[in-house]
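Spelled out, the chains give:
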Amino acid sequence: MVESDELSRLIGHVYDASLDPSLWVNVLEHTCGFIGGATASIISHDVKRRNASFHFTWNDNPEYTRTYLQHYAKINPVIVPATLNTQVDQVSTYLDFISEEEYRQTKLYQEWTQPQGYLDAVQATLDKSSTSYSAVASIYSEKRSPVSAQARHRMRLLAPHFRRAVTIGKVIDLHKVESASLADTLDGIAAALFLLDGAGRLMLTNAAAKTMVSEASVVRSAGGKLMLTDAQAEHSLHDYLANATQQINGLDIPILADAGERLVAHILPLTSGARRKAVVAYSAVAAVFIRRAAMHGPHPFEALSRAFSLTAGEMRVLMTIVEVGGVPEVSRVLGLSELTVRTHLRNVFSKTGCSRQADLVKLVASYMSPLATAGGTETRHRG
């Protein structure tokens, strides 16, 4: 019961942060308390530039964060296998992808992780696009490593809520609604956003939502109520709204429009906390944010691995070769013997048909070059 109450409060804070980004630091602090981590962050890794962005952090050491961004993100031995082997909402740990013995031999551990007293980390994948891999991650002290089964379980409970809140937070920020009308704030959002009461009545819509209603291929208005043209999605929406006052969790509903277009509705409960305060004048119980379903191609790491049947170990050596150079340097960075590195490299040459390291660099560049770059590296700290 204690865990359930704590989880409910934390999920509520997560959804509050979807509307007010300044709350993410506090959410990360409470997440560490819930799962037993020492520090936490929402982080993304850019696959073209081979760098990282810390979007929000709690209890990190700013100097170590800076050096990670400048140097260690490029040689983190976990990023490639995590990108290859995890799906959105999936929870994993560092030691799922590399043995503790191997990890302790890596340059990342010896120069960055160990000096801070850390070892393992747990992460939930939030997004895998053609340009980036992002996650909410918490690092654990040596004493609390490896990550326990309970910690994994608790992170799994949180993962879909983090992912949903981060998705909504990319396009809507109601933090400043006190200084501007809510309607004006919503009209500045490109996606269709509807505020609904428990009966599905439209309490407020933005400009994009009005356009979507007028087109009537995805949604329509009947008697002042929002109706989805997809019958199954319509049933899911109104079943959720009928119990909205008791809802803690958000919900994602896939929608198939009349013309065959695929969209997704993200539903955010508005019955408590900062969300309730933001829309109190509108008697709304839920915000429904409808957007086109993302249709990403395979991640470049996945495409490269599949094209040449490269194992996770071979991919890790290949990407490190591209980043740091020859076998001795790769051996030191990954904590592998030079013999092991040479074996992986020989397999990579055989599978790709390349004969020189310079050819491997060109091959990897050919998979990365069409990609757009990711955003900046602003970090928000506390603790």
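Residues numbered from 1 in each chain as written. Predicted model: local features only at pLDDT ≥ 70, side-chain atom pairs only at ≥ 80, totals over all residues. Heavy atoms only, no water.

> How would you summarise the overall build of the chain if you had to cite specific residues and measurements?
When helices and strands are tallied, the chain shows 16 helices and twelve strands. Counting only residues that meet the buried cut, the chain has 51% of its 383 residues in that class. Split by element, the accessible area of the chain, about 16,700 Å² in all, is 51% carbon and sulfur. (Helix = DSSP H or I, 4+ residues; strand = E, 2+ residues; numbered from the N terminus. Buried < 20%, exposed > 50% of the residue type's maximum accessible area, 1.4 Å probe, protein only. Areas by Shrake-Rupley, 256 points an atom, 1.4 Å probe, with all protein chains shown as cover.)

> Now, about the packing of aromatic side chains: what can you tell me, with residues and values included?
Under the definition given, this model contains eight aromatic pairs. Here the aromatic rings of Tyr 64 and Trp 112 are separated by 6.4 Å at their centres, their planes lie at 80°, and the arrangement is edge-to-face. Here Trp 112 lies in helix H6 (residues 107-113) and Tyr 64 lies in helix H3 (residues 62-70), a separation of 48 residues in the sequence. Take Tyr 64: its relative accessible area is 24%, and that puts it in the partly exposed class. On the accessibility criterion, Trp 112 (9% relative accessible area) is buried. Seen in terms of ring centroids, Tyr 94 and Tyr 103 are 5.9 Å apart; in terms of plane orientation they differ by 85°. Their pairing is edge-to-face. Taken individually, Tyr 94 and Tyr 103 each receive the classification buried, so the pair is uniform in this respect. Ring pairing ties together the aromatic residues Phe 54, Tyr 64, Tyr 68 and Trp 112, which thus form one cluster. Across the ring face of Phe 34, the terminal group of Arg 154 is positioned such that the distance to the ring centre comes to 4.5 Å. (Phe/Tyr/Trp six-rings, centres within 6.5 Å; stacked < 30°, edge-to-face > 60°. Lys NZ or Arg CZ within 6 Å of the ring centre and 35° of its normal.)

> Break down the sheet that holds strand S12 (residues 286-292) for me, with residues and values.
Overall, antiparallel pairing links the five strands, which are arranged S7-S6-S12-S11-S10 in an open sheet. The strands lining the two open edges of the sheet, one partner per strand, are strand S7 (202-205) and strand S10 (251-256). Within the sheet, the average angular offset between the axes of one strand and its neighbour, ignoring direction, is 25°. In this sheet, S12 lies alongside strand S6 (residues 192-196) in antiparallel orientation, the contact comprising five bridges. (Pairing = 2+ DSSP bridges. Axes fitted to C-alpha atoms, helices over the stretch in contact; angles between N-to-C directions.)

> Talk me through the packing of helix H13 (residues 312-324) against helix H14 (residues 327-334); I want residue IDs and the actual numbers.
Relative to each other, H13 and H14 sit at 115°, their axes nearing to 9 Å. Like other packed secondary-structure pairs, H13 and H14 cross with a definite hand, here right-handed. Along its contact with H13, which presents Arg 316, Val 317, Thr 320, Ile 321 and Val 324, the element H14 presents Val 327, Glu 329, Val 330, Val 333 and Leu 334. Looking at the contact of H13 with H14, its residues break down into seven nonpolar, one polar and two charged. (Left-handed = near helix turned anticlockwise from the far one by under 90°. Contact = heavy atoms within 4.5 Å. Nonpolar A, V, L, I, M, F, W, Y, C, P; charged D, E, K, R; others polar.)

> Explain helix H16 (residues 357-368) residue by residue, including any values.
In an α-helix, one full turn covers 3.6 residues, which means residues spaced three or four apart are oriented alike. Look at H16: 17 Å from first C-alpha to last across twelve residues, which is about the 16 Å you get at 1.5 Å a residue. Considered for burial, the residues of H16 that qualify are Asp 359, Leu 360, Leu 363, Val 364 and Met 368. On its buried side, H16 packs onto helix H12 (300-308), H13 and helix H15 (338-352). (Expected span 1.5 Å × (residues − 1).)

> Can you lay out empty space enclosed by the protein for me, pointing to particular residues and giving the numbers?
Applying the stated criterion to the full structure yields five cavities of 30 Å³ or more. Approximately 330 Å³ is the volume found for the largest cavity. As for the largest cavity, its lining consists of 28 residues, and the residues nearest its centre are Ser 41, Phe 54, Tyr 94, Trp 112 and Ile 139. Those elements that place two or more of their residues in the lining of the largest cavity are strand S1 (39-46), strand S2 (51-58), H3, H6, strand S4 (118-128) and strand S5 (132-141). Top element by residues in the lining of the largest cavity is S1. It accounts for five residues. Here the lining of the largest cavity is composed, by residue class, of 17 nonpolar, ten polar and one charged. (1 Å grid on protein atoms, 1.4 Å probe; cavity = no way out; pocket = protein on both sides within 12 Å on 5 of 7 lines; lining within 4 Å. Points joined across faces, edges and corners; volume = space filled by probe spheres on them.)

> How would you sum up unusual backbone geometry? Please name residues and give values.
Going from Ser 145 to Pro 146, the amide bond is cis rather than trans, its omega being 0°. With respect to the helices, strands and loops of the structure, Pro 146 is situated in the loop between S5 and helix H7 (149-169). Phi at Asp 89 is positive, roughly 80°, even though this residue is not glycine. Looking at the element boundaries, Asp 89 is found in the loop between helix H4 (79-85) and strand S3 (91-93). Even without being glycine, Ser 309 reaches a positive phi, approximately 55°.

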